[in-house]
Amino acid sequence: MESCTELISLISFWVILKRLFEAGSVMGRPRNSVLQVLSVVICFAGIAAACSNGECRLLDECSSNADCGAGLYCFSCVEGFSNSRCVRSTFSDQFKLLNNSLPFNKYAFLTTHNAFAIDSEPPRTGFPRTTFTNQEDNVTQQLNNGVRALMLDTYDFEGDIWLCHSFKGECNVFTAFEPAIDTLKEIEAFLSANPSEIVTLILEDYVQTPNGLANVFNKAGLSKYWFPVSNMPQNGQDWPLVSEMVAKNQRLLVFTSVRSKQDTEGIAYQWNYMVENQYGDGGMHEGSCPKRDSSANLDDKSKSLVLVNYFRSIPLKQLTCAQNSGDLINMLKTCYGAAGNRWANFVAVDYYKRSEGGGAFQAVDTLNGKLLCGCDDVHACVAGSTSRACTV
């Protein structure tokens, strides 16, 4: 209250000085001197009006996370703006905003590329790690902030299944991150604590041990959430309703890049159900959305899910705030056309929270708005409606 009173006093003083300035002088001083006084007053007024203590809104300047309101954090994006500003750190829950009574493929989900390749993950092999990282938050934090699909690279390593960022299909002590079961247990804990949430895993799979993946999922306690391959739609049909998936507790979708495992381990072969654009630098050319080599054509509507990648081949953390913002949304629009006028269900990025404001969270809001009601933002959809109606 005291700061507000001071600000009002400053503004009142400014109004008085302005009137005197317009009259031509203040106690005989020339106008340029009065202008200098006005500038100082305006400066102090700006300082008094600066936000803090959780009052700062999107893109307000900030000095710490504590300054920013709910769902925001204080971040510096040299490519996008000067100083530090509050940007989004969490998602909009489309199910709570609207409904969960549509097929799974009628929604969009934030996806983290190499979700396990985390900056702060300590070496687990006794050797320093020499490979790239792609995320800053651990998997639990990613899920809590609204990530609903995780890209994981699975390998045989040291007699177990590990998550590894390696080359030529072989994990080694310099590229290994952690045993897969550790990450899978984080996912199990999240699903257990959040009984209405659905998580999708997209595996770049190099495991050759027979039943290796199936066994590690069982050990992590994830089998009870498994969405069975037998329930997955064929020939581009709609998926079950999200509400039905939740009611049946079939809330974990797992896709592998190995065709044979659909029959041998009950893990869905990704390319039977999903199309995907080119990953890495090849998928970041403005106005172009080529398919990934392994994928069917993007406009193949016999696959009812669409995945759009938008990340560099070699992650450059300082540049991701710009690429995760307007550039990302522009690419989603390009890929919409390439996919036969279908909006993406999954959008995969590096460093998912880095942005110029709304970032990947806003991109998913845009996708859900388009998918659910034809609006540019899910917040513009009429609550509780399954029709294509916008509030604005």
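Residues numbered from 1 in each chain as written. Predicted model: local features only at pLDDT ≥ 70, side-chain atom pairs only at ≥ 80, totals over all residues. Heavy atoms only, no water.

Q: Break down the overall build of the protein for me, citing the residues and quoting the values.
A: Within the protein, the regular secondary structure consists of 11 helices and 12 strands. A fraction of 63% describes how many contacts in the protein between residues 6 or more apart in sequence connect residues 24 or more apart. Accessible surface for the protein amounts to roughly 17,800 Å². Of this, 51% is attributable to carbon and sulfur atoms. (Helix = DSSP H or I, 4+ residues; strand = E, 2+ residues; numbered from the N terminus. Contact = heavy atoms within 4.5 Å. Areas by Shrake-Rupley, 256 points an atom, 1.4 Å probe, with all protein chains shown as cover.)

Q: Tell me about the pairing of strand β7 (residues 199-205), residues and numbers included.
A: With 6 of 7 residues buried, β7 is to be regarded as a mostly interior element. Pairing geometry for strand β4 (residues 149-157) and β7, over 6 bridges, is parallel. Bridge pairing links L152 to L203 in β7. Bridge count for β7 against strand β8 (residues 252-256) is 5 bridges, and the pairing is parallel. (Buried < 20%, exposed > 50% of the residue type's maximum accessible area, 1.4 Å probe, protein only. Pairing = 2+ DSSP bridges.)

Q: For a nonpolar patch on the surface, give the residues involved together with the corresponding values.
A: Taken together, the side chains of F132, I314 and L316 present a nonpolar region at the surface, about 250 Å² in accessible area. Position of F132 among the secondary structure elements: in the loop between β3 (109-112) and α4 (139-144). (Patch = residues over 30% accessible without salt bridge, like charges linked within 9 Å, V, L, I, M, F, W, Y side chains within 5 Å. Salt bridge = Lys/Arg side-chain N within 4 Å of Asp/Glu carboxyl O.)

Q: Explain the environment of V78 to me, using residue names and the numbers behind them.
A: Relative to the assigned elements, V78 resides in the loop between β1 (72-75) and β2 (85-88). Its relative accessible area of 69% is what places V78 among the exposed residues. Separated by 241 residues in the primary sequence, V78 and L319 have C-alpha atoms spaced 8.5 Å apart.

Q: Outline the environment of V275, supporting the account with residue identities and numerical values.
A: Relative to the elements of secondary structure, V275 occurs in strand β10 (residues 274-276). Sequence separation between V275 and K301 is 26 residues, and the spatial gap between their C-alpha atoms is 8.9 Å. Excluding residues that lie within four positions of it along the chain, V275 makes contacts with S295, A296, N297, L298, D300, K303, L305, V306, L307 and R342.

Q: Give me the lowdown on the state of the cysteines, citing residues and values where you can.
A: In total, this model carries 8 disulfides according to the counting rule given. A sulfur-sulfur separation of 1.9 Å characterises the disulfide bridge that pairs C373 with C381. Its S-S torsion of about -70° marks the bond between C373 and C381 as left-handed, since a negative value means left-handed. With relative accessibility at 6%, the residue C381 sits in the buried group. Sulfur-sulfur distance for the disulfide between C375 and C390 comes to 1.8 Å. Disulfide C375-C390: torsion about the S-S bond near -115°, hence left-handed. With C375 in the segment after α11 (359-373) and C390 in the segment after α11, the pair connects residues that are 15 residues apart, well separated along the chain. In this structure C390 comes out as partly exposed when scored by relative accessible area, which is 35%. (Disulfide = S-S within 2.5 Å.)

Q: Tell me about the pattern of salt bridges, and please be specific about residues and values.
A: On inspection of all chains with the given rule, the structure shows 15 salt bridges. R124 serves as the salt-bridge partner of E178, at 3.3 Å between the closest nitrogen and oxygen. With E178 in strand β6 (residues 176-179) and R124 in the loop between β3 and α4, this residue pair connects regions lying 54 residues apart in the sequence. With relative accessibility at 37%, the residue R124 sits in the partly exposed group. When the shortest N-O distance is used, the salt bridge between K353 and D137 registers 3.4 Å.

Q: Quick one: what's the story with the environment of L305, residue by residue and with numbers?
A: Its place among the elements puts L305 in strand β11 (residues 305-309). Taking relative accessible area as the criterion, L305 reaches 0% and is therefore assigned buried. Taking C-alpha positions, L305 is 6.1 Å from N105, a pair spaced 200 residues apart along the chain.

Q: Which residues make up the pairing of β8, and what are the values?
A: For β8, the buried fraction is high: 5 of the 5 residues fall into the buried class. Sheet topology places β8 next to strand β9 (residues 268-269); 2 bridges connect them, and they run parallel. Each residue of the ladder has a partner; that of T256, found in β9, is Y269.

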